[in-house]
Amino acid sequence: MAGVFDRLVGQEDVEADLTAASVAARTGVDSSAMTHSWLFTGPPGSGRSIAALCFAAALQCTTEGVPGCGHCQACSTTMAGTHGDVRRVVPEGLSISTKEMRDIVSIASRRPSTGLWQVVVVEDADRLTEGAGNVLLKVVEEPPARTVFLLCAPSVDPQDISVTLRSRCRHVSLVTPTVPAIAQVLQTRDKLDPETAEWAASISGGHVGRARRLATDEDARARRKRALALASAAARPNQAYLAAEELVKAAEDEAKEMSASRDEAETEELRTALGAGGTGKGAAGALRGSAGVLKDLEKRQKSRATRTGRDSLDRALMDLVGLYRDALARSYGSTATATHPDMAEQVERMAKAVSPEALLKSIEAILECRESLAVNAKPKFAIYAMVATLGDVLR
């Protein structure tokens, strides 16, 4: 039966290191192989969060032999997110707050209740606020005996993770999976035909989840097509801003669609917990006195929707920058693997019609737009500014 580490794609070296650390944690034979704080880095889609979760399962695994069997209760509950001693910090808003981290650290400092370790997986540790990072740093510097912290971030750059926090962690670097490896996963796990799997893998940018969405979700394919169409529209003023507005609206619609049912369920669950629908004397008064709690929930939901919309726009911008990158590479006769191999004809036209200098300036404009969105610029204005620059450069 497959173990938990089989979920990783194209990360053989990482699997070997984490397996060795899991064995060391269980036997205590090699103290240098195990530590209390880890930092998993890698490009989007490399599986850094999955690697951290698989490692958490291996640490809790109760089966004899190599840890991480994948079928014992500890492994199953860890991977399902229901293990009592494994906590995942998944930022649903734009950042991880100090309060949220304090609450997690307080619980994680206790002795394990059912498992072998208290494990805290912090996904997107690059979203830690300065205060939250300081709270985490303090406990990482003096960790409880049976607690392990697994942090996930895009890179070790100080913009992603503080230098001090990084220095307290053992670093695990994941690589971008190859196209054949992703295609194989889509065929074996998702039962996709070879042609579809190969196409989706080739345009996913090494992102397994993105490849799966593009292969199975028509809306995801439409969003990609809309983003790439902005390259042609940018050269025509009468179409450029309309295309930009459609791009922003599509991101907002996606956020609303993803949030609507979840927001409604969360709100109803909280209202019920606060006494909504009750018939006792104090039921109505209790609900009126809980307006602040409901408002806090609404604020978190709004932050989550904002992040979902920004993430959607960021994916679109990365698709777009990849198209310009392909054209720039083609103009210099490079044989590098294309980001969008299925857009070869458009790339060829762009390479012939636009100078390398203009293509490079276009790439810079798109990356500047990403940076503006990262510091909470209004999406509509950021995209409009980018389109204006693209139009000027191309004309």
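In case you missed it, the structure is sitting above this.
The shown structure was predicted, so the numbers you read here are calculated from the model rather than taken from an experiment. (Residues numbered from 1 in each chain as written. Predicted model: local features only at pLDDT ≥ 70, side-chain atom pairs only at ≥ 80, totals over all residues. Heavy atoms only, no water.)

K.L.:
Explain the pattern of salt bridges here, please?
P.N.:
Oppositely charged side chains are able to pair whenever their charged atoms sit close together. One pass over the structure, following the stated rule, counts 12 salt bridges. A salt bridge links Arg370 to Asp314, with the shortest nitrogen-to-oxygen separation between them at 2.6 Å. Note that Arg370 is positioned in helix H15 (residues 356-374) and Asp314 in helix H13 (residues 291-331), a separation of 56 residues in sequence. With a relative accessible area of 28%, Arg370 lands in the partly exposed category. Close ionic contact of Arg325 with Asp326 constitutes a salt bridge, the shortest N to O distance being 2.9 Å. The exposure class assigned to Arg325 is partly exposed, which follows from its relative accessible area of 32%. With a relative accessible area of 5%, Asp326 lands in the buried category. Taken together, the shared-partner salt bridges in this structure form one network comprising Arg330, Glu348 and Lys352. (Salt bridge = Lys/Arg side-chain N within 4 Å of Asp/Glu carboxyl O. Helix = DSSP H or I, 4+ residues; strand = E, 2+ residues; numbered from the N terminus. Buried < 20%, exposed > 50% of the residue type's maximum accessible area, 1.4 Å probe, protein only.)

K.L.:
Would you mind showing me how to read the packing of helix H1 (residues 12-27) against helix H2 (residues 48-60) here?
P.N.:
Any two packed helices are characterised by the angle at which their axes cross and by the distance between the axes. It is at 9 Å that the axes of H1 and H2 come closest, and there the two elements cross at 30°. One element, H1, and the other, H2, form an angle in the roughly parallel class. Relative to H2, H1 is oriented so that their crossing is right-handed. Only Ala51, Phe55, Ala58 and Leu59 of H2 make contact with H1, whose side of the interface consists of Leu18, Ala21, Ser22 and Ala25. For the contact of H1 with H2, a count of residues per class yields seven nonpolar, one polar and no charged. (Axes fitted to C-alpha atoms, helices over the stretch in contact; angles between N-to-C directions. Parallel < 35°, antiparallel > 145°, perpendicular 65-115°, else oblique. Left-handed = near helix turned anticlockwise from the far one by under 90°. Contact = heavy atoms within 4.5 Å. Nonpolar A, V, L, I, M, F, W, Y, C, P; charged D, E, K, R; others polar.)

K.L.:
What is the right way to read the side chain of Gln11 from this model?
P.N.:
Mapped onto the secondary structure, Gln11 falls in the segment before H1. Here Val175 takes part through its backbone oxygen, which lies 2.6 Å from a polar atom of the side chain of Gln11. If we ignore the near neighbours within four places in the chain, the residues touching Gln11 are Ser46, Leu174, Val175 and Pro177. (Polar contact = N/O pair within 3.5 Å; in protein donor to acceptor, adjacent residues only side chain to side chain.)

K.L.:
Sorry if this is basic, but what is going on with the sheet that holds strand E3 (residues 118-122) here?
P.N.:
Pairing between the strands of a sheet is mediated by backbone hydrogen bonds and can be parallel or antiparallel. The five strands are arranged E2-E3-E4-E1-E5 in an open sheet whose pairing can be described as parallel. Looking at which strands have only one partner, the edges of the open sheet turn out to be strand E2 (86-89) and strand E5 (170-173). Averaged over all pairs of adjacent strands, the angle between strand axes in this sheet comes to 15°, irrespective of strand direction. When E3 meets strand E4 (residues 147-153), the two strands line up parallel, connected through five bridges. Along E4, the bridge assignment pairs Val122 with Leu151. Relative to E4, H2 is tilted by about 165°, and along the sheet it contacts strand E1 (37-41), E2, E3 and E4. (Pairing = 2+ DSSP bridges.)

K.L.:
It is not clear to me how the packing of helix H7 (residues 179-188) against helix H8 (residues 194-202) should be interpreted in this structure. Could you clarify?
P.N.:
Contact geometry of H7 with H8 gives a least axis separation of 8 Å together with a crossing angle of 135°. Relative to H8, the element H7 is oriented oblique. Where H7 crosses over H8, the handedness of that crossing is right-handed. Residues Val179, Ile182, Ala183, Leu186 and Gln187 of H7 form the contact with H8, whose participating residues are Pro194, Ala197, Glu198, Ala200, Ala201 and Ser202. In the contact of H7 with H8, the residues fall into eight nonpolar, two polar and one charged.

K.L.:
Looking at this structure, I do not really get the pairing of E3. What am I missing?
P.N.:
Along a regular strand, successive side chains alternate from one face of the sheet to the other. Counting buried positions along E3 yields five of five residues, so the element is predominantly enclosed. Burial along E3 is two-sided: Gln118, Val120 and Val122 and Val119 and Val121, pointing in opposite directions, are all buried. Bridging between E2 and E3 involves four bridges; their strand directions are parallel. Paired with Val86 across the bridge in E3 is Val119. Following the chain from E3 across helix H5 (residues 130-141) to the adjacent parallel E4, one finds a crossover that is right-handed. (Right-handed = clockwise from strand over helix to strand, strands pointing away.)

K.L.:
Honestly, the nonpolar core in this entry has me stumped. Any pointers?
P.N.:
One broad trend across soluble globular proteins is that nonpolar side chains are buried collectively. One finds Leu320, Tyr324, Ile366, Ile383, Met386 and Leu390 to be the most contacted residues of the largest nonpolar core, which totals 36 residues. By residue number, the principal contributor to this core is H13, which donates nine residues. Leu390 has contacts with Ala234, Leu320, Tyr324, Ser362, Ala365 and Ile366, leaving out every residue within four places of it along the chain. Counting residues in each nonpolar core, the second largest holds 35 residues, with Phe5, Cys54, Cys75 and Leu150 among its members. (Core = buried A, V, L, I, M, F, W, Y, C linked by side-chain atoms within 4.5 Å.)

So, to be careful, I would describe these as geometric facts and stop short of saying anything about function.
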